[in-house]
Each structure stands twice: as structure tokens, then as C-alpha cells.
Amino acid sequence: MTTFPVHPLTLLFYGLVLVAIGALVQLVRSSRRRETASFPLAALTLLACLDAMAFLAGFSIGPLLILVTSAVAVVLAAMVRSYRVQVGLACLATLLLAAGMWTGTFANVRLTLGIGLVSAVVVAMVQLGRGLTERGVGAFGGWGLTLTACLGGLSLLLGSTPGSLWSRLPLPAAVLGLGLALVSKRYRPPLLLVALANVLLGLGFLSA
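Parameters at a glance
Residues numbered from 1 in each chain as written. Predicted model: local features only at pLDDT ≥ 70, side-chain atom pairs only at ≥ 80, totals over all residues. Heavy atoms only, no water. Helix = DSSP H or I, 4+ residues; strand = E, 2+ residues; numbered from the N terminus. Rg over C-alpha atoms; globule rule 2.2 N^0.38 Å. Expected span 1.5 Å × (residues − 1). Contact = heavy atoms within 4.5 Å. Buried < 20%, exposed > 50% of the residue type's maximum accessible area, 1.4 Å probe, protein only. Phe/Tyr/Trp six-rings, centres within 6.5 Å; stacked < 30°, edge-to-face > 60°. Axes fitted to C-alpha atoms, helices over the stretch in contact; angles between N-to-C directions. Parallel < 35°, antiparallel > 145°, perpendicular 65-115°, else oblique. Left-handed = near helix turned anticlockwise from the far one by under 90°. Nonpolar A, V, L, I, M, F, W, Y, C, P; charged D, E, K, R; others polar. Core = buried A, V, L, I, M, F, W, Y, C linked by side-chain atoms within 4.5 Å.

Colleague: Requested: an account of the overall build of the chain, with residues and values cited.
Modeller: Check the secondary structure of the chain and you find 8 helices and 0 strands. Scanning the chain from its N terminus toward the C terminus, one meets helices and strands in the order α-α-α-α-α-α-α-α. Taken against the 2.2 N^0.38 rule, which gives 17 Å for 208 residues, the C-alpha radius of gyration of the chain at 17 Å falls within 12% of a compact globule. Principal-axis analysis of the C-alpha atoms gives the chain an extent of 45 × 35 × 30 Å.

Colleague: Residue-level account of helix 8 (residues 188–206), with values.
Modeller: Taking 1.5 Å per residue as the helical rise, helix 8 with its 19 residues ought to reach 27 Å, and the 27 Å between its terminal C-alpha atoms agrees with that figure. Lining the buried residues of helix 8 we find helix 1 (8–29), helix 6 (141–158) and helix 7 (170–183).

Colleague: Could you give me a rundown of unusual backbone geometry, with the residues and numbers involved?
Modeller: Phi at Y83 takes a positive value of approximately 55°, unusual for a residue other than glycine. Structurally, Y83 can be placed in the loop between helix 3 (62–79) and helix 4 (84–103). For Y83, a relative accessible area of 32% translates into the label partly exposed.

Colleague: Quick one: what's the story with the packing of aromatic side chains, residue by residue and with numbers?
Modeller: The description of two aromatic rings rests on the distance between their centres and on the angle between their planes. Per the stated rule, a full pass over the model turns up 3 aromatic pairs. Here the aromatic rings of F13 and Y14 are separated by 5.5 Å at their centres, their planes lie at 85°, and the arrangement is edge-to-face. Of the residues examined, F13 reaches a relative accessible area of 17% and is grouped as buried. Taking the relative accessible area as the measure of exposure, Y14 reaches 54% and is therefore exposed. Ring centres of F59 and F106 lie 6.0 Å apart, and the angle between their planes is 75°; on these two criteria the pair is classed as edge-to-face. Placement of F59 in the loop between helix 2 (38–57) and helix 3 and of F106 in helix 5 (residues 106–135) is noted, with a sequence separation of 47 residues between them. Of the aromatic side chains, those joined through ring pairs into one cluster are F55, F59 and F106.

Colleague: An account of the packing of helix 1 against helix 2 is requested, with residue identities and associated values reported.
Modeller: At their nearest, the axes of helix 1 and helix 2 sit 8 Å apart, and the two run at 155° to each other. Judged by the inter-axis angle, helix 1 sits roughly antiparallel to helix 2. For the pair helix 1 and helix 2, the sense of crossing is left-handed. Between helix 1 and helix 2, the residues in contact are L9, L12, F13, L16, V17, V19, A20, A23, L24, Q26 and L27 and S38, F39, A42, A43, T45, L46, C49, A52, M53, L56 and A57, respectively. Among the residues forming the contact of helix 1 with helix 2, the class breakdown is 19 nonpolar, 3 polar and no charged.

Colleague: Talk me through the nonpolar core; I want residue IDs and the actual numbers.
Modeller: One recurring pattern in soluble globular proteins is that nonpolar side chains are buried together. If you look at the biggest cluster of nonpolar residues, it comprises 37 residues, and the most contacted ones within it are L27, L46, M53 and L76. For this core, the secondary-structure elements that each account for two or more residues are helix 1, helix 2, helix 3, helix 4, helix 5, helix 6 and helix 8. No other element matches the 12 residues that helix 2 contributes to this core. Leaving out residues up to four positions away in the same chain, L46 has contacts with A20, A23, L24, L27, V72 and L76. Membership of the second largest hydrophobic core comes to 9 residues, among which are V121, A124, L154 and L169.

Colleague: Residues and numbers for the packing of helix 2 against helix 3, please.
Modeller: Running from N to C, helix 2 and helix 3 point in directions that differ by 165°, and their axes come no closer than 9 Å. In terms of orientation, helix 2 lies roughly antiparallel with respect to helix 3. Two packed elements cross with a definite hand, and for helix 2 against helix 3 that hand is left-handed. Between helix 2, through F39, A43, L46, L47, L50, D51, M53, A54 and A57, and helix 3, the contact on the second element is made entirely by G62, L65, I66, T69, V72, A73, L76 and M79.

Colleague: How would you summarise the environment of A99 if you had to cite specific residues and measurements?
Modeller: In this fold, A99 is placed in helix 4. The exposure class of A99 is partly exposed, given its relative accessible area of 30%. Along the primary structure A99 and F39 are separated by 60 residues, whereas in three dimensions their C-alpha atoms are 27 Å apart.

Shown next, in the form of C-alpha cells:
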């Protein structure tokens, strides 16, 4: 077991708080231009951060946080004009997580969300391959971001057992994110942030 002055998962939680605040600010700023990509992407970022924060908080403030997030998710899903499928899926994931925390069916919800994330990983990998062969390495940053974020989500969801395969996933995902950031100028900042989140998650599992 490795010890740290401040636990990496604590740093990850407060880092997610900062990103969520930034996404909320962007959401408000772009609320009058909901047909652009800025609004739904900010909504996706906000929901992803809040879901991860609720999961990290466990059964202390997690159930209350996910309840608030569910209300926010439904409102955002009704407001978006583009990326409706993606925001709708994020809303569904939030509602499932809330149901698991409030009804005692968390194990079943964990499995369902895990299957969903694995499916998203497969789709992202296929799209990354198409981007590489058809449009060049600089064109697939969005799918690379999806892939690295979903890998981190899978590890967070399923990696609670020390030494399991899922608990070892974040650090390779971080390396992948860093590599993709080098070839994707447009998505470089979010890829670096997701890579950093994966590093903190991986270090958190190492210290368990």
C-alpha cells in the first residue's frame, strides 16, 4: 500500500468540483445559444462530474448529491437542441445511479452501467480506427476523449477491489489520453484533464 499526504481520491473529488463549476459557468454563458455545441458539451461535462462526485462520496452525501443531479439531468435533457442522444444517455445513467443508491439495487445498477460503458468504449475504439484511416490522426480527439473518459468511468465503477483488472485500468488510460492529446490540438485541454483524473484515480487505487 502506498501512502500520500493527501489521498488522491480526495484530490480527484475536489478537482471534479472545480471542473463542474467551470462547466456550470459555460452552461450559463451558452444558455442563449443552445443550438451550438457549447451548451450540450457543458451539460455532458457537468453531469459526468456530478455523477463521479456522487459515486466517490459513497453513501455519505452521495445519495443526496445524485438526487440533485437527477433533477438537473432531466432539465438539461429537455433543454438541449443538439447532442440529444448523448445528453439523454447521460441523463439515463444519472437516473440509474440514483435508483441504485436509493432503492438498494446498486449491484444491479453497477452491472448495467458497466455494460453501457463497455459498449461506449467499443464504439469509441471503432470510431477512432475510422478517424485514423479516413481523416488523419488529428480528427478523432472527440472520440479519444470519450474513450479515455469511459475507461476511467469503468475503473471508478468496477475497480473497488484492490488488485483487480479494473483498478489497474486508469494509469494505462491516462497514458492513452496523453498520447491522444499530443495529436489533437482541439481537444488537448479536456484530454489532459481526463488523463490527470485517471492518474489520480489510479494512485487512489494503489493506496487502497
